[in-house]
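Next come the chains, spelled out residue by residue.
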Amino acid sequence: MNKIEQLKNVLDVIQNTYPEDAALVLADTDKVLAYLPGKHIDLKVPVGMPIEKFKGTVSYIAFETGTVQREERGAEVFGVSYLSSAVPVIEDGEVTGVISAMVSNHRTAILQDGAQELSSLVEEMTATSEEVTRSALGITEHLDDLLSRSSAMVREIESSFEILSSVRQIADQSHMLGLNAAIEAARAGDSGRGFGVVATEIRKLAGNSHELVKNIQSQLSGMRQGMLQMDQSLKEIMDFAQHQGQSMQELSRAFEHVASTANNLSNLE
């Protein structure tokens, strides 16, 4: 029994080895010896059809050249795309026939289409993530600038406390001076009455200054506490923004990997 006859006897077994829907054609040097249609792929090749009728196909090219041939076809003819493969049957160094298989690549086509859609979607997501990353970095820069200004204001408030401390010392000294002047005016009697009035006004002014310094210090203390709290909040927000920027950069790298994988799938043959 030659190879052609052996293949004819196991043609149905060969067909069942294909994971996808497949139609098989077996021909010798003259005509078609056997044909098995697939569930969806059916070339309706009649047994006994002359091999010459296959001119221009991968089957005839494989028969003529003695080499394996492959060709991909779209869904125009059978409603599903398929891959046509032809293998020459060689015995004793001579081509004695050809076996051809038309295998559906419907799943592969769906996978490729899905990969292309995924690739387009990933491109959009990558662009969005890059925009978010730029925004996060921009926010970080603005927060850093705001934090610097806030710190400068805290330093200015601290300087104001030093100035107020000096003012308080002047007020205390003025109060003591006014008190001493009042004592001296009392000792001088009627001749020191005018000086006593001045001393009283100096003491009032010192008291008012002291009270004003106290109020300003109280307000500045509240401002300083608020600024320190704002500084802490800004630092926390900036840390979050920096972490978000880093996370988006990692996400962008992940998108690039997905896009590369999708591109490989879309080019799958």
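Section: the overall build of the protein chain
Along its length, the protein chain carries five helices and five strands. The order of helices and strands in the protein chain, counted from the N terminus, is α-α-β-β-α-β-β-β-α-α. Residue burial in the protein chain is summarised as follows: out of 269 residues, 30% are buried. With the model as given, the accessible surface of the protein chain reaches about 17000 Å², and the carbon-plus-sulfur share is 54%.

Describing helix H3 (residues 58-65)
Taken together, the buried positions of H3 are Val58, Ser59, Tyr60, Ala62 and Phe63. Buried positions along H3 lie against strand E1 (22-28), strand E3 (69-73), strand E4 (82-91) and strand E5 (94-104). In the stretch just after H3, Gly66 is the one whose phi turns positive, near 70°.

Digging into the pairing of strand E2 (residues 32-36)
E2 sits mainly inside the fold: four of its five residues count as buried. In terms of strand pairing, E1 meets E2 through four bridges, oriented antiparallel. Along E2, the bridge assignment pairs Val25 with Tyr35. Hairpin connection, E1 to E2: the antiparallel pair is bridged by three residues.

What about the packing of aromatic side chains?
In this structure the tally under the stated criterion is one aromatic pair. Where Tyr60 meets Phe63, the ring centres are 6.1 Å apart and the plane angle is 50°; that geometry is what we call tilted. Note that Tyr60 and Phe63 are positioned in helix H3 at a spacing of three residues, about one turn of the helix. Each member of the pair, Tyr60 as well as Phe63, is classed as buried.

Regarding the pairing of E1
In terms of burial, E1 is largely enclosed, as seven of its seven residues are buried. Burial of E1 is two-sided: the residues Ala22, Leu24, Leu26 and Asp28 facing one way and the residues Ala23, Val25 and Ala27 facing the other way are all buried. Bridging between E1 and E5 involves seven bridges; their strand directions are antiparallel. Residue pairing in the sheet places Val25 in a bridge with Ser100 of E5.

A short note on the nonpolar core
One finds Val25, Val45, Ile51, Phe54, Val98 and Met102 to be the most contacted residues of the largest nonpolar core, which totals 17 residues. The set of elements that each furnish at least two residues to this core consists of E1, E2, H3, E4 and E5. The leading source of residues in this core is H3, at four residues. Contacts of Met102, omitting those with residues within four sequence positions, involve Asp21, Ala22, Ala23, Val25, Ile41, Leu43, Tyr82, Leu83 and Ser84. Residues Leu33, Ala34, Ile99 and Ala101 belong to the second largest nonpolar core, which totals 11 residues.

Section: unusual backbone geometry
Residues other than glycine seldom take positive phi values, yet Lys44 does so here, at roughly 55°. When you line up the elements, Lys44 lands in the loop between E2 and H3. The class for Lys44 is exposed, based on a relative accessible area of 65%.

Thoughts on the side chain of Asp21
Position of Asp21 among the secondary structure elements: in the loop between helix H2 (11-16) and E1. Buried charged residue Asp21 carries no salt bridge. Nearest counter-charge: Lys39, at 6.6 Å. Here His40 takes part through its backbone nitrogen, which lies 2.7 Å from a polar atom of the side chain of Asp21. Setting aside residues no more than four positions away along its own chain, Asp21 makes contact with Gly38, Lys39, His40, Ile41, Met102, Val103 and Ser104.

Thresholds, definitions, all that
- Residues numbered from 1 in each chain as written.
- Predicted model: local features only at pLDDT ≥ 70, side-chain atom pairs only at ≥ 80, totals over all residues.
- Heavy atoms only, no water.
- Helix = DSSP H or I, 4+ residues; strand = E, 2+ residues; numbered from the N terminus.
- Buried < 20%, exposed > 50% of the residue type's maximum accessible area, 1.4 Å probe, protein only.
- Areas by Shrake-Rupley, 256 points an atom, 1.4 Å probe, with all protein chains shown as cover.
- Contact = heavy atoms within 4.5 Å.
- Pairing = 2+ DSSP bridges.
- Phe/Tyr/Trp six-rings, centres within 6.5 Å; stacked < 30°, edge-to-face > 60°.
- Core = buried A, V, L, I, M, F, W, Y, C linked by side-chain atoms within 4.5 Å.
- Lys, Arg positive; Asp, Glu negative; His and termini not counted.
- Salt bridge = Lys/Arg side-chain N within 4 Å of Asp/Glu carboxyl O.
- Polar contact = N/O pair within 3.5 Å; in protein donor to acceptor, adjacent residues only side chain to side chain.

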